[in-house]
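One-letter residues, chain by chain:
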Amino acid sequence: ARRAGIPHALNPCHVSVGTRTMLRRRYALADWAQTLLLLCAARPCLFIDAPLTSHAAGPAPRMGPVGGGVAPTEPIEIVPGLYIGNAVHAGDADLLTRLDIGGVVNAGAVDGVPPAPGCIEGERAYAELHLVDADCEASACILDEGKVQRAIDLVDAVLAGSGGTVPGRAVLVHCVRGQSRSAAVILAYLVQAREWSLAGALHLLTRLHPRAAPNHVL
């Protein structure tokens with residue numbers, strides 16, 4: 001933000017529509033979500049998802065608009081070999097085989113999403129990231145370095161051909177709906193392991209998967 005000449009303490013909730021448009025055009029930003037990132041907002045008040053009912057914490061602020069329409073029937077490939085999906089995709093053994101999925105990162109385990117087929121048996125590499133999709137300060141609400149590293153280790157191992165016993169060369173990252181927690185994990189992987197900028201990773205993710213709405217608290 002300082003390099004762009006924008007006050008880093010500016011509250012995006014108080015920025016006029018005209019100013020938002022100017023920022024997007026001047027800095028070639030794809031949408032207001034990237035403008036939020038550029039402004040380094042501490043707590044964006046936009047993009048609020050539907051309230052959660054399974055946890056006591058409040059609704060989680062989003063880094064992008066929550067997409068509408070019908071959920072994708074198959075996982076979406078974000079970069080070669082790295083897919084984002086939901087719990088239904090993860091439970092479809094035939095789909096996993098067809099997509100050459102050799103590893104699965106389950107970010108929805110705290111909501112009762114079981115391991116994908118072949119994961120318990122060790123046929124597919126598997127990692128559970130205990131994440132709650134809520135606005136809270138508990139450890140379960142934070143995608144910390146340890147959780148990110150577990151995801152990175154699994155993804156890189158499978159893509160390198162050293163995952164489970166199934167000779168898959170792709171990884172599925174999923175949560176319940178494939179919108180928030182899985183999206184946050186994908187962003188973390190691209191930023192930490194591939195050294196992408198956060199704005200660039202978010203732009204790619206939301207372009208390929210418009211329903212993605214990562215919880216910025218994670």
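Before any of the text, the structure's been laid out above.
Below is a summary of the structure that appears in this document.

The rules behind each value
Numbering of residues starts from 1 in every chain and runs along the sequence as written. In view of the model being predicted, local features appear only for residues whose pLDDT reaches at least 70, and side-chain atom pairs are presented and counted only at 80 or more, with totals across whole chains, interfaces and linings using the full set of residues. Only hydrogens and water are set aside when side-chain values are computed; all heavy atoms of the structure are taken into account. Helix and strand assignments come from DSSP, with helices taken as H or I runs of at least 4 residues and strands as E runs of at least 2, each series counted from the N terminus. A 1.4 Å probe rolled over the protein chains alone gives each residue an accessible area, and that area as a share of the maximum for its type sets the label: buried under 20%, exposed over 50%, partly exposed in between. Here a residue-residue contact requires only that any non-hydrogen atoms of the pair lie within 4.5 Å. Being paired, for any two strands, means DSSP has found at least two bridges between them.

### Overview of the overall build of the chain
A tally of regular secondary structure across the chain gives seven helices and five strands. The secondary structure elements of the chain, listed N-terminal to C-terminal, are α-α-β-β-α-α-β-β-α-β-α-α. Expressed as a percentage of the 218 residues in the chain, the buried residues total 46%. Sequence-distant contacts in the chain: of pairs separated by 6 or more residues, those separated by 24 or more amount to 64%.

### Quick word on the pairing of strand S5 (residues 170–174)
In terms of burial, S5 is a largely internal element, five of the five residues being buried. Residues of S5 alternate between two faces, with Ala-170, Leu-172 and His-174 on one and Val-171 and Val-173 on the opposite face, all of them buried. As paired elements, strand S2 (residues 82–85) and S5 share four bridges and run parallel to each other. Following the sheet pairing, Leu-82 is matched in S5 by Val-171. The pairing of strand S3 (residues 101–106) with S5 spans five bridges and is parallel. Bridging across to S5, Val-104 finds its partner in Leu-172.

### Observations regarding the environment of Gln-149
Along the chain, Gln-149 turns up in helix H5 (residues 145–159). A sequence separation of 43 residues divides Gln-149 from Gln-192, and the C-alpha atoms of the two residues are 8.7 Å apart.

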